[in-house]
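# Structural overview for review
Given next are the chains, with one letter for each unit.
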Amino acid sequence: MSSISDQLIFVKSQISQASARVGRPNNSVQLIAVSKTHPASTVREAFVAGQKDFAENYVQEGTDKIVELDDLRKKIIWHFIGPVQSNKTRFIAESFDWVQSVDRFKIAQRLSDQRPKDMEDLNICLQVNISGEASKSGVPPEDALLTCLDIAELPNISLRGLMAIPEPGASLQSMKKFQKLFLDIQLHLKRHQFKNRFDTLSLGMSDDLERAIEAGSTMVRVGTAIFGPREPDVIEEDSEE
Ligand SMILES: *Cc1c(COP(=O)(O)O)cnc(C)c1O
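Below is a short write-up of the structure. This structure is a prediction, so every number in the text was calculated from the model and none was measured. (Residues numbered from 1 in each chain as written. Predicted model: local features only at pLDDT ≥ 70, side-chain atom pairs only at ≥ 80, totals over all residues. Heavy atoms only, no water.)

### Considering the overall build of the protein chain
From N to C terminus, the protein chain includes nine helices and eight strands. Taken over the C-alpha trace, the protein chain has a radius of gyration of 17 Å; the compact-globule value for 241 residues is 18 Å, and the two agree within 12%. Referenced to the eigenvectors of the C-alpha coordinate spread, the extents of the protein chain come out at roughly 50 × 40 × 35 Å. Across the 241 residues in the protein chain, those meeting the buried criterion constitute 51%. Look at the contacts in the protein chain between residues 6 or more apart in sequence, and 62% of them connect residues 24 or more apart. Total accessible area on the protein chain is roughly 11900 Å²; 51% of this is exposed by carbon and sulfur atoms. On the protein chain, the mean spot of the 29 positive side-chain charges and the mean spot of the 35 negative ones are 6 Å from each other. (Helix = DSSP H or I, 4+ residues; strand = E, 2+ residues; numbered from the N terminus. Rg over C-alpha atoms; globule rule 2.2 N^0.38 Å. Buried < 20%, exposed > 50% of the residue type's maximum accessible area, 1.4 Å probe, protein only. Contact = heavy atoms within 4.5 Å. Areas by Shrake-Rupley, 256 points an atom, 1.4 Å probe, with all protein chains shown as cover. Lys, Arg positive; Asp, Glu negative; His and termini not counted. Charge placed at Lys NZ, Arg CZ, Asp CG, Glu CD.)

Structure follows, in structure tokens:
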């Protein structure tokens, strides 16, 4: 059986090979380890093997793990990547370093209001629904620019880029279309002299990592290929306010 350390080495080599193939520098893609459903002890094991960025999908599970790993709080960067319910934004704003799954202005506004002033700005990505599936969250691509311009004005948060969860088997072409949207918004923000780095295209998971890197992804979110298969996802039993 291969260890988490071996799996990390394997995924990193997949990333460098995919980058090399399309002429991208080796360090231009960041690996985010998706630790949802895996215990804090597993996160610690991955941390000891050199992994610094971890992502969680569920507020309660994520905040419990952050508390359990409090001794590593300054060394680990915690990303929230699950659906954000507006009655849970406070817990997220007080615990995480990144929220990649902001899918409407109202959520960004709440995170901005609730981010403690003594913490660094919360890094935000706007989630875009690129496959148009009704079941997926995210703004439609045609609304992304205006939503970004609104979010960019908010204090205590830093708009860093876009995130998407393509449908299984999504084509390279659909991913490149998403990249173009990202680059267009980036250019727009630059022209508006936006103060923050809008530098993150979060795209790619265990199964579509290579195509995502070809489409310019700067952050891949990998769970299964590092930690092995998960139990079927638990549904959070809570609702909007
Ligand atoms: C679970 C999850 C991942 C990781 O998926 P794997 O297929 O296990 O690599 C990535 N991104 C999001 C948003 C997820 O919910």
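### Here we look at the site of the ligand
In the neighbourhood of the ligand, the contacting residues comprise Val-34, Lys-36, Asn-57, Ile-81, Ile-165, Met-205, Ser-206, Arg-221, Val-222, Gly-223, Thr-224 and Arg-230. Within the side chain of Arg-221, a nitrogen or oxygen atom sits 2.9 Å from a nitrogen atom of the ligand. With respect to the ligand, the side chain of Arg-230 contributes an N or O atom lying 2.8 Å from an oxygen atom. Summarising the interface, the protein chains cover 90% of the accessible area of the ligand, which totals 390 Å² for the free molecule. By residue class, the composition of the shell around the ligand is five nonpolar, four polar and three charged. (Near = heavy atom within 4 Å. Polar contact = N/O pair within 3.5 Å; in protein donor to acceptor, adjacent residues only side chain to side chain. Nonpolar A, V, L, I, M, F, W, Y, C, P; charged D, E, K, R; others polar.)

### Notes on the pairing of strand E2 (residues 53-56)
The alternating pattern of E2 places Asp-53 and Ala-55 on one face and Phe-54 and Glu-56 on the opposite face, and all of these are buried. Read as a crossover between parallel neighbours, the route from strand E1 (residues 30-34) over helix H2 (residues 40-48) to E2 is right-handed. As defined by bridge partners, E2 adjoins strand E3 (residues 77-80) across four bridges and the pair is classed as parallel. Each residue of the ladder has a partner; that of Ala-55, found in E3, is His-79. One crossover worth recording links E2 to the parallel E3 by way of helix H3 (residues 59-68), and it is right-handed. (Right-handed = clockwise from strand over helix to strand, strands pointing away. Pairing = 2+ DSSP bridges.)

### Here we look at the nonpolar core
With 62 residues, the main nonpolar core has Phe-54, Val-99, Leu-111, Leu-159, Leu-162, Phe-198 and Ile-226 as its most contacted residues. The element contributing the most residues to this core is helix H7 (residues 172-191), with six residues. Every residue in contact with Phe-54, bar those within four places of it in the chain, is listed here: Ile-32, Ala-33, Ser-35, Val-43, Ala-46, Phe-47, Ile-76, Ile-77, Trp-78, His-79 and Phe-227. Counting residues in each nonpolar core, the second largest holds eight residues, with Ile-32, Trp-98, Cys-125 and Met-163 among its members. (Core = buried A, V, L, I, M, F, W, Y, C linked by side-chain atoms within 4.5 Å.)

### Things to note about the packing of helix H6 (residues 141-151) against H7
The N-to-C vectors of H6 and H7 enclose an angle of 25°; their axes lie 10 Å apart at closest approach. Looking at the two axes, H6 sits roughly parallel to H7. Crossing of H6 over H7 shows right-handed handedness. Where H6 abuts H7, its residues Pro-141, Ala-144, Leu-145, Cys-148 and Leu-149 lie against Leu-181, Ile-185, His-188 and Leu-189. (Axes fitted to C-alpha atoms, helices over the stretch in contact; angles between N-to-C directions. Parallel < 35°, antiparallel > 145°, perpendicular 65-115°, else oblique. Left-handed = near helix turned anticlockwise from the far one by under 90°.)

### Some words on the side chain of Thr-147
Along the chain, Thr-147 falls in helix H6. Polar contacts involving the side chain of Thr-147 include one to the main-chain carbonyl oxygen of Asp-143, which spans 2.7 Å. When near neighbours in sequence (up to four residues on either side) are disregarded, Thr-147 contacts Phe-105, Leu-126 and Val-139.

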